Structures are given as structure tokens and as C-alpha cells.
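Letter by letter, the chains look like this.
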There are 2 protein chains.
Amino acid sequence: MKEELVKQIRKLTQQHAYTSLQMHEAVARKAGLSGTDHKYLGFLLEKGEMTAGDFAKATGLTTGAVTGLIDRLEKKKFLSRHFAEGDRRKVLLKPNTGLIMTLLIPLYEEFRRETENLISSFSISEIKVIERYFSQALAIMNQRIEILSQPDANE
Amino acid sequence: MKEELVKQIRKLTQQHAYTSLQMHEAVARKAGLSGTDHKYLGFLLEKGEMTAGDFAKATGLTTGAVTGLIDRLEKKKFLSRHFAEGDRRKVLLKPNTGLIMTLLIPLYEEFRRETENLISSFSISEIKVIERYFSQALAIMNQRIEILSQPDANE
DNA sequence: CCTAAATATCTTAGGCGCTAAGATAACTGT
DNA sequence: ACAGTTATCTTAGCGCCTAAGATATTTAGG
């Protein structure tokens with residue numbers, strides 16, 4: 001029965017998402033961070049140097065929350081604050097890439113290797129199938145998020 | 001280059017997990033729940049009636065946290081408390097399945113349909129590839145969580 | 001220039017959800 | 001029957017969030 005197989009796969013993808021989250025939090029704990037801080041630190045690392053305000057926009061947090069987030073990350077030396085040249089109101093966040101890498105890479109490297117080995121164990125055409133699944137699943141979810149985030153008509 | 005393709009897929013799976021979480025939270029907001037409460041409500045619904053203590057064990061929360069969680073869910077009529085027959089210390093949690101379904105199904109149904117359509121668009125052998133990927137990825141992550149959750153040797 | 005408005009960040013007050021520790025109530029075994 | 005165990009709840013305190021407003025700096029208009 002293809003139908004049953006389909007339902008089974010759908011549940012599997014759900015579990016996959018849940019387990020990813022668990023792992024992300026396990027990494028955070030090991031690194032001495034909260035899940036929240038780990039998430040946003042990864043974000044900053046990816047985007048590179050940015051101002052506090054841009055960070056707030058990028059994360060969707062309020063400016064107050066970002067101030068607290070930066071405080072916590074700064075206290076742990078994961079980033080430093082600098083006033084922007086030319087506009088002393090702006091606070092530039094400079095990630096301490098070295099420290100972050102030193103701390104996080106050992107926690108992720110083996111996982112990354114295992115995952116890449118897993119993917120490599122498929123043939124090119126199989127990988128393309130997996131790619132097609134993920135790309136389309138992503139599109140579906142992003143569309144759904146957009147719909148869900150629109151305010152209700154009656155309010 | 002297969003290597004580059006592999007790296008690309010790995011990033012795609014990361015993004016997939018992140019986006020799943022975003023969608024889960026968007027659903028929660030729409031249902032008037034926190035992401036946390038939505039997560040655990042789904043849990044209760046899946047497992048069915050259980051005691052508060054079992055709920056704590058199942059979720060990994062402390063009993064105090066579970067008391068608060070139950071309070072919030074009870075206030076919103078998502079469940080009711082009943083003393084267990086034969087042991088009046090135990091509190092049985094009875095999910096209000098009707099209300100939960102009424103509230104959540106409209107938020108998920110279209111997504112589920114779209115996802116199942118997506119999966120169905122693959123051939124049986126392609127679906128087996130996807131299944132193989134997810135099963136093995138899950139195993140890798142669960143193993144990693146276990147390793148990460150072990151206390152460090154030097155502490 | 002000088003000042004009003006705009007902008008960028010920080011601070012404060014208050015809420016939610018968590019843990020750890022201990023209180024309360026009910027059960028169990030000898 | 002009562003000491004110990006078990007199940008849940010309560011309390012104190014912390015972390016992280018929002019909303020609102022304070023502070024400091026820049027920009028624009030007269």
C-alpha cells in the first residue's frame with residue numbers, strides 16, 4: 001500500500017525535525033549555552049559582524065531582548081561590542097569566531113562527518129531525490145508559515 | 001562534484017529542521033498556545049490519558065513544571081484532572097480530544113495533505129530512498145544526543 | 001547654528017516557564 | 001498503626017521574553 005508508506009514517511013519527517021531540535025539543545029548544553037543563545041549565536045556567526053538593531057530585525061526579537069542576548073554572549077566572550085565609526089549610536093557586534101569555532105566545532109564535527117557519509121552512501125540520482133524532497137518540503141512549510149502568520153480576518 | 005552536492009544537502013536538512021520548528025511555533029501562536037504548550041499537548045494527545053507523574057517522566061520536565069503546564073492547559077480546557085480510582089494521590093490527565101482536534105486539525109490538515117501529496121509524487125522506490133535517509137539520519141542524531149548527554153569525564 | 005524629530009540602544013516592569021527543594025496528602029508493609 | 005514511600009503541588013529564584021519608555025546621538029528645517 002503506497003498510502004501507508006506515505007503516512008509512515010510523513011511521521012518519520014516529523015520525528016526527524018523533533019530529534020534535530022533535541023540534538024541542537026544537547027549541543028547547547030554541552031557548550032554551556034541555552035538553546036536560545038546557541039541558536040542566535042549560530043545566526044551571528046553565519047551573518048558575520050552586524051549592528052544590534054540589525055540583529056534584532058534578523059532574529060525577530062525586540063531590541064530589549066537583543067540587549068540581554070548580547071549581554072549574555074558578551075559575558076561569555078563570544079562577541080564584543082564596538083561603537084560604529086561615523087554613528088556612535090550604533091553598536092557593532094563582532095563575533096569572536098575563534099572561540100566559537102573552538103567550542104562548537106568539536107561538538108558538531110563528528111555529526112557532520114557522519115551525516116555527509118550517510119548522504120554519500122546514496123548514488124547521485126538518489127541524492128537528487130532527497131534534494132527534491134527537501135526543497136519542496138521547505139517550500140511547503142515556508143508557504144504555510146506565511147499563511148499562519150497573517151492576522152485573522154476577524155480581529 | 002558529488003562532494004559539493006553532499007554539503008548542499010546537509011545544509012538543506014539543517015534548514016528543513018529549522019523551518020519545521022518555525023512552522024510548529026506559528027501553529028502554536030495561531031492556536032493561542034506557547035510553542036512549549038503546543039509541543040506537550042501534542043504529546044499528551046498522542047499518548048492518551050496518563051497520570052501527571054508519567055507525563056513528567058515522558059516529557060523530561062520536573063514535577064513542578066508539569067503542574068504548571070497542566071494548570072495552563074486545564075485553564076484553556078484542553079484537558080481535565082481526575083483522581084485515579086484506587087489511588088487518590090494520582091492525577092489522571094484526560095485530554096479533551098474533541099477541542100484539541102477542532103482547534104488544531106484546521107491548522108495542520110492542509111499542510112499534511114500537501115506533504116502527503118509531495119511524498120506521493122515520488123515513486124515507491126524513490127520513497128524508499130527517502131525513508132532510508134530519514135531512518136539513518138535519525139539513528140545518527142539519537143546516537144549523538146546520547147553521547148552529548150553523557151557527563152564530561154573531567155567534572 | 002539651534003532645535004525638533006528621528007534613530008539606535010538600553011533600562012524597567014511584568015509575565016511565563018523552568019529547576020530545586022520541600023510541603024502535603026495518600027498509600028504500603030510490617 | 002505508623003514509619004517510610006510515593007504522587008502531586010507549592011515556593012523561591014532564575015532566565016528570557018515583550019512593551020513601554022529613558023538615554024544618547026544624528027539629521028533636517030528654519
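Structure's up top.
Below is a short write-up of the structure. (Residues numbered from 1 in each chain as written. Chains lettered and ligands numbered in written order. Predicted model: local features only at pLDDT ≥ 70, side-chain atom pairs only at ≥ 80, totals over all residues. Heavy atoms only, no water.)

**Topic: the relation of the copies chain B and chain A**
Item 1. Note on the identical chains: chain B maps onto chain A by a rotation of 180° and an axial translation of 0.0 Å, with an RMSD of 0.2 Å. The transformation just described matches what one would write down for a two-fold rotation axis. Of the C-alpha atoms belonging to chain B, the one lying closest to the rotation axis is found on Ala 17 of chain B, 2.4 Å away.
Item 2. A share of 97% of interface residues in chain B that are also interface residues in chain A marks the association as one of identical surfaces. (Least-squares fit on C-alpha atoms with pLDDT ≥ 70 in both. Contact = heavy atoms within 4.5 Å.)

**Considerations on the packing of helix α2 (residues 35–47) of chain A against helix α3 (residues 52–59) of chain A**
All names here are of chain A.
Item 1. Close contact between α2 and α3 brings their axes to 11 Å; oriented N to C, the two are set at 120°. Seen along the crossing, α2 lies across α3 with a hand that is right-handed. Residue-level inspection shows Tyr 40, Phe 43 and Leu 44 of α2 in contact with α3, the latter providing Phe 55, Ala 58 and Thr 59.
Item 2. Partitioned by chemical class, the residues of the contact of α2 with α3 number five nonpolar, one polar and no charged. (Axes fitted to C-alpha atoms, helices over the stretch in contact; angles between N-to-C directions. Helix = DSSP H or I, 4+ residues; strand = E, 2+ residues; numbered from the N terminus. Left-handed = near helix turned anticlockwise from the far one by under 90°. Nonpolar A, V, L, I, M, F, W, Y, C, P; charged D, E, K, R; others polar.)

**With respect to the environment of Phe 111 of chain B**
Item 1. Here Phe 111 of chain B is to be found in helix α5 (residues 97–120).
Item 2. Among the residues examined, Phe 111 of chain B registers a relative accessible area of 15% and is labelled buried.
Item 3. Setting aside residues up to four positions removed in sequence, Phe 111 of chain B forms contacts with Ile 140, Met 141 and Arg 144 of chain A together with Met 23 of chain B. (Buried < 20%, exposed > 50% of the residue type's maximum accessible area, 1.4 Å probe, protein only.)

**Quick look at the sheet that holds strand β2 (residues 79–84) of chain A**
Residue and element names in this part refer to chain A.
Item 1. Spatially, three strands are ordered β1-β3-β2 in an open sheet, and the strand pairing comes out antiparallel. The open sheet has two edge strands with one neighbour each: β1 (50–51) and β2.
Item 2. When β2 meets strand β3 (residues 87–95), the two strands line up antiparallel, connected through six bridges. By the bridge assignment, Ala 84 is partnered in β3 with Asp 87. (Pairing = 2+ DSSP bridges.)

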